[in-house]
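# Architecture at a glance
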Amino acid sequence: MADTPFTRTPRAQLPEQFHLAWDTLNGLTGEPAFVEVFASNPAMLDFVMNRFYAGIFFGGNVDQRYKQLARLKLSLLHGCRTCNKQNVPGALQAGITQAQVDAMDDFESGPFTEAEKAVIAYADEVALTNAAGRMSPGLYARLRKHFSDADLLELGTVMAIISGMAKLSFVLGLAQQLA
């Protein structure tokens, strides 16, 4: 159970529009604290679930596979046990193989396309664990072989929001970190 000082709104008291988010999170992680806590601010919950996840993460112009790879890499680097419970199934549903999931620590030698390797390298730079992260000319060139600048901005924004939400979830006691 999440260790948060924030008030949780039980599913039965959530507005109908957030039931699916609660059901999905509870089904994947067994811990719907994020939705229950953010329900106290419906505008913020709407932003995260509808504008970000539905609109940008699952929408947008960049193929879902790349966003799922980046999200998975970030949650592995951030050590978010709660996130990994949902990100591994999400990656597998997007067509990422178990062999690829297992190879994330050594992705440059793993069974990834060059575009996938470039996206994972980009995630390495954006990760909270890399305070010195930057877009080097070499990484930019690797990414530009497969993506436009607009695509790279979309991917970077997705990764920044995911990283920031992971940090906020840790601070608020909404996600369990790996030991």
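Because the structure is a prediction, the values reported are computed rather than measured. (Residues numbered from 1 in each chain as written. Predicted model: local features only at pLDDT ≥ 70, side-chain atom pairs only at ≥ 80, totals over all residues. Heavy atoms only, no water.)

## Comments concerning the packing of helix α7 (residues 114-126) against helix α8 (residues 137-144)
Running from amino to carboxyl end, α7 crosses α8 at an angle of 140°, the nearest separation of the two axes being 9 Å. Two packed elements cross with a definite hand, and for α7 against α8 that hand is left-handed. Here α7 contributes K117, A118, V119, A121, Y122 and E125 to the contact with α8, which in turn contributes L139, R142 and L143. Here the residues of the contact of α7 with α8 are counted per class, giving 6 nonpolar, no polar and 3 charged. (Axes fitted to C-alpha atoms, helices over the stretch in contact; angles between N-to-C directions. Helix = DSSP H or I, 4+ residues; strand = E, 2+ residues; numbered from the N terminus. Left-handed = near helix turned anticlockwise from the far one by under 90°. Contact = heavy atoms within 4.5 Å. Nonpolar A, V, L, I, M, F, W, Y, C, P; charged D, E, K, R; others polar.)

## Some details on the nonpolar core
Counting residues in hydrophobic clusters, the biggest one holds 50 residues, and the most contacted among them are F34, V35, L45, L143, F147 and L155. Put simply, the parts of the chain that give this core at least two residues each are α1 (19-29), α2 (33-38), α3 (42-57), α4 (64-78), α7, α8 and α9 (149-172). (Core = buried A, V, L, I, M, F, W, Y, C linked by side-chain atoms within 4.5 Å. Buried < 20%, exposed > 50% of the residue type's maximum accessible area, 1.4 Å probe, protein only.)

## As for the pattern of salt bridges
Counting across every chain of the model gives 10 salt bridges. Taking the shortest distance from any N to any O, the salt bridge between R11 and D23 comes out at 2.6 Å. Taken together, the residues R11 in the segment before α1 and D23 in helix α1 connect sequence positions 12 residues apart. Assessed through its relative accessible area of 27%, R11 is described here as partly exposed. (Salt bridge = Lys/Arg side-chain N within 4 Å of Asp/Glu carboxyl O.)

## Observations regarding α1
Listing the buried residues of α1 in full gives H19, A21, W22, L25 and T29. Across the axial projection of α1, the buried residues extend over an arc of 160°, all falling on one side. Turned more than 90 degrees off the buried face of α1, the exposed positions are L20 and G27. Those residues of α1 hidden inside the fold are in contact with α2, α3 and α5 (81-93). Directly beyond the C-terminal end of α1, a positive phi value near 75° is found at G30. (Arc of directions from axis to C-beta.)

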